[in-house]
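# Working through the structure, step by step
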Amino acid sequence: MTIRRACHLIAAVLFASGLAHLGVQAVLGGPWDGPVSWRKPADFGVAFGLTLWAVTWVSLYLKVRPAVLAWFAAASVVEVVVISVQAWRGVPSHFNTATPLDATFAFSAAGGGAVIIVATLFLLRAAFRRLDAPPGMQLALRVGFASLLLGLAVGAVMIAIGTSTARTVSLDAAYTAAVVLVPAHAAAMQGILALPILAWLTRFTPWPAAVRFRAVVIGTAGYLVCAGTIVLESFLGIDAFSVFTVGTVIAAAGALVLVGAGIAVARSALASATVRHIKDFRPVDH
């Protein structure tokens, strides 16, 4: 089994784990928010499953050692396992050092995050080298990995804030202090998934290369406006997911631009595929 095939398999298992915990939430109930909830293993399973799948897929365009993917996959497993086990134990996962076992889990998760950051740095460096890919895909990879690194950096800041607050105030205060950056963390993590898919879809359109690239540029600009606004609001202490502000309008406009670019590309690709199918069809004489 190749490293990429193994990573795709691991990604599928992590994603399935996240969906399974949504089922657990539906059956057992319990709080949706807070330091102890079934939402956390659901979020982490789905998010790491999708991210690992995307990173493994786009690594085909990069000159990167298989070990980098192995690090990324192993650390992703550690993150999801820690969150899931602590949820089943009914105790907080982050910032929780109440017992030696809890501390081991918390430090393991922090170590896994550090490994993912290092692996992403290697992937980002590879993305900025000469690539055997269309210009649109090159742009998508570079912005996607840069945004992923930003999302991971925001996650590291959350850990630092939460750890310091847990030691000086309380565990509940730590979660309250760190949760304000969740929207920034989430928004920045989506670039590596959305942008390469957009760039990949353009290859199925009949458009000239310049128009394909322009579509990726427009979609990328929309994503950067959306994610950048959410990140800025989060660091200003504004909950971008629950408070309506001018930033909400700007972020929504950016998201609409990205979605609009995706719809235009998908429609063109679908229309082109339909035309090819009609041209290839030959009636059979009886």
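Up top is the structure these notes are about.
These notes cover the structure that comes with them. (Residues numbered from 1 in each chain as written. Predicted model: local features only at pLDDT ≥ 70, side-chain atom pairs only at ≥ 80, totals over all residues. Heavy atoms only, no water.)

### Considerations on the nonpolar core
By size, the foremost hydrophobic cluster in this structure holds 48 residues, and its most contacted members are Val-55, Leu-62, Phe-72, Leu-123, Leu-141, Phe-145 and Leu-148. No other element matches helix 5 (residues 135-168), which puts 8 residues into this core. Setting aside residues no more than four positions away along its own chain, Phe-72 makes contact with Thr-51, Leu-52, Val-55, Ile-116, Ala-119, Thr-120, Leu-123 and Leu-148. Core analysis: the second largest hydrophobic core is formed by 9 residues, Val-154, Met-158, Ala-178 and Leu-181 among them. (Core = buried A, V, L, I, M, F, W, Y, C linked by side-chain atoms within 4.5 Å. Buried < 20%, exposed > 50% of the residue type's maximum accessible area, 1.4 Å probe, protein only. Helix = DSSP H or I, 4+ residues; strand = E, 2+ residues; numbered from the N terminus. Contact = heavy atoms within 4.5 Å.)

### Here we look at a positive patch on the surface
Taken together, the side chains of Lys-63, Arg-65, Arg-125, Arg-129 and Arg-130 present a region of like positive charge at the surface. Tracing the sequence through the fold places Arg-125 in helix 4 (residues 100-127). (Patch = residues over 30% accessible without salt bridge, like charges linked within 9 Å, V, L, I, M, F, W, Y side chains within 5 Å. Areas by Shrake-Rupley, 256 points an atom, 1.4 Å probe, with all protein chains shown as cover. Salt bridge = Lys/Arg side-chain N within 4 Å of Asp/Glu carboxyl O. Lys, Arg positive; Asp, Glu negative; His and termini not counted. Charge placed at Lys NZ, Arg CZ, Asp CG, Glu CD.)

### Quick notes on the environment of Phe-15
Note that Phe-15 resides in helix 1 (residues 3-28). Overall, Phe-15 belongs to the partly exposed group, its relative accessible area being 29%. Sequence separation between Phe-15 and Leu-52 is 37 residues, and the spatial gap between their C-alpha atoms is 9.6 Å. Excluding its chain neighbours within four sequence positions, the residues that come into contact with Phe-15 are Gly-45, Val-46, Gly-49 and Leu-50.

### Details of a nonpolar patch on the surface
A cluster of nonpolar side chains, contributed by Trp-71, Val-115, Val-118 and Phe-122, occupies part of the molecular surface with about 320 Å² of accessible area. Top element by residues in the nonpolar patch is helix 4. It accounts for 3 residues. Of note, Val-115 is situated in helix 4.

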